[in-house]
Every structure is written in structure tokens, then in C-alpha cells.
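# Geometric and topological summary
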Amino acid sequence: MTIPPDLLLPDRTGLPAEIAYLRATWPAPTWRAHDNFGELAAFWLRVHAHLREQGEALQRIVSSFREHRADAESFQRLFVPRLNHFLQHLNGHHQIEDAAYFPKFRALDPRMIAGFDLLESDHAIIHDALTASIDTARALLAALPGDDDTRRHMTDRHAEAADRLHALLGRHLADEEDLVIPAMLEHGERSVG
Ligand SMILES: [Fe+2]
Ligand SMILES: [Fe+2]
């Protein structure tokens, strides 16, 4: 499907009602009290919460280095394992959604197709932002032993790429929840599990 430009992830401020067509019936504050809110829905929200936390922790680590509250050695020690863990978690999550879950949601109702095509296009956009974040992180790590100006420049470049990634991811996670959770409440999570 060709995605209308205003619905592409970088320009989107939320999903229109015709795509999130179950959102008004099952708004977020009602989710957890619904009889069909089960383990898969809870797990999905937990994974998203964990991705948000991992992203925020990384942004805090980069900020403390940028604002000279951490030295290069302690920055590197904290940053490298957390970045690797975050990247693996995010990649793994998107792969399982694209391969295993999204096809099942599309099969529930033809009206689901547009929304899940959109989420799949989000994954590709996030993947590109992720690559930019990894490239700038590598350049920053390589610049750590060097002079202050290069190090500052590389830190700024990485912070910019990481901010973009986390903004895109935040929008995507919220919109995905607006599609996935109401669909599980409406159809029962066994239909997609
Ligand atoms: Fe996703
Ligand atoms: Fe997700």
C-alpha cells in the first residue's frame, strides 16, 4: 500500500479514526478492566514500556556526558552495553511483529490492513533512524580518546540522531498500542496469539 505522506511516521501526530477504528470503542483507560485483556496484551504493553525506559536511560547517559557530569571512561562503560541491549531488543521486537503478529492482525478484518501496513512502514523508517544512531554512536566512541572539539562534535551528532530515533519510536509505540490492544479486546487475543 502507498502510505499518504501526512501519515508517514515523521509527520504523524496520531492515527486518524478511520485507521484506528476500534479506538473510540475501547479507549486506553478501559483496556485493563476488559474481560479480553489477557497475558498477550499485558506483555505487549510491558515490552513497549521497557523499550521506552531503555531509550530514556540511554538519553540520560548521553546527556550526562554531554554536560560534563560523566567522564569518557564511565560514559563508555555505561553506554556500550545498554546501547547494544536496546538495539537487540528493538530489532527483535520489530522482526517478530512483522513476521508473526502483523499478518494475524491483518487477517482479523480487512479494515485492519491499512493500519498494519502503516506500522510496517514505521518499522522501516525506525530502522533507518536506528542505523543513523548506531553510526553516530560508533563515531562518538572512536572520538573519545581524541581532542575535545571532535569529541563534542561527535557527541552532539549522536545526541541529535538518538533524539530523532526516540521521538519516532515514541510515536510508533503509542499508535501501535491504539491498534493492537483494541483489536485484541474486540476479537480475543487467542485470534492473534
Ligand atoms: Fe512495532
Ligand atoms: Fe511493538
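Above this note sits the structure.
In what follows, the accompanying structure is described. Computed from a predicted structure; not experimentally measured. (Residues numbered from 1 in each chain as written. Chains lettered and ligands numbered in written order. Predicted model: local features only at pLDDT ≥ 70, side-chain atom pairs only at ≥ 80, totals over all residues. Heavy atoms only, no water.)

### Topic: the side chain of S121
What counts is decided by this rule: The numbering of helices and of strands both runs from the N terminus, where a helix is a DSSP run of H or I of at least 4 residues and a strand a run of E of at least 2. When a residue's accessible area, from a 1.4 Å probe over protein chains only, is under 20% of the maximum for its type it is buried; when over 50% it is exposed; and in between it is partly exposed. Residues count as neighbours in contact if any of their non-hydrogen atoms are within 4.5 Å of one another.
Structurally, the position occupied by S121 is in helix α3 (residues 113-143). Under the relative-accessibility criterion, S121 is labelled buried at 17%. Apart from residues no more than four positions distant in its own chain, S121 is found in contact with I3 and L8.

### Some remarks on the coordination of the iron ion (ligand 1)
Quick note on the threshold: For Na, K and Ca the donor cut-off is 3.2 Å, and for all other metals it is 2.8 Å, counting N, O and S atoms only; because water is absent from this set, sites may look incomplete. Each label reflects the angles at the metal, where four donors whose angles all fall between 85 and 135 degrees are tetrahedral, four or six donors whose opposite pairs open beyond 155 degrees and whose other angles stay between 65 and 115 are square planar or octahedral respectively, and the rest are irregular.
The protein atoms donating to the iron ion (ligand 1) are E97 (OE), H123 (NE2), H172 (NE2) and E176 (OE), with metal-donor distances spanning 2.0 to 2.2 Å. Angles of 86 to 174° at the metal separate the four donor atoms of the iron ion (ligand 1), which places the site in the irregular class. Here the donor residues for the iron ion (ligand 1) map to a single chain with the spacing E-x25-H-x48-H-x3-E.

### Some details on the pattern of salt bridges
Stated precisely, the cut-off is as follows: We define a salt bridge as a side-chain nitrogen of Lys or Arg found within 4 Å of a carboxyl oxygen belonging to Asp or Glu.
The full count for this structure, using the stated rule, is 13 salt bridges. Between R12 and D122 there is a salt bridge whose closest N-O contact spans 2.8 Å. Of the two residues, R12 is situated in the segment before α1 (39-66) and D122 in helix α3; the sequence distance between them amounts to 110 residues. Owing to a relative accessible area of 6%, R12 belongs among the buried residues under this scheme. As a salt-bridge pair, R23 and D178 come within 3.6 Å of each other at their nearest N and O atoms. Of this pair, R23 sits in the segment before α1 while D178 sits in helix α4 (residues 148-187); the two residues are 155 residues apart in sequence, bridging distant segments of the chain. Note on R23: relative accessible area 25%, which makes it partly exposed. What makes D178 buried here is its relative accessible area of 19%. Overlapping salt bridges bring together R12, D122, R171 and D175 as one network.

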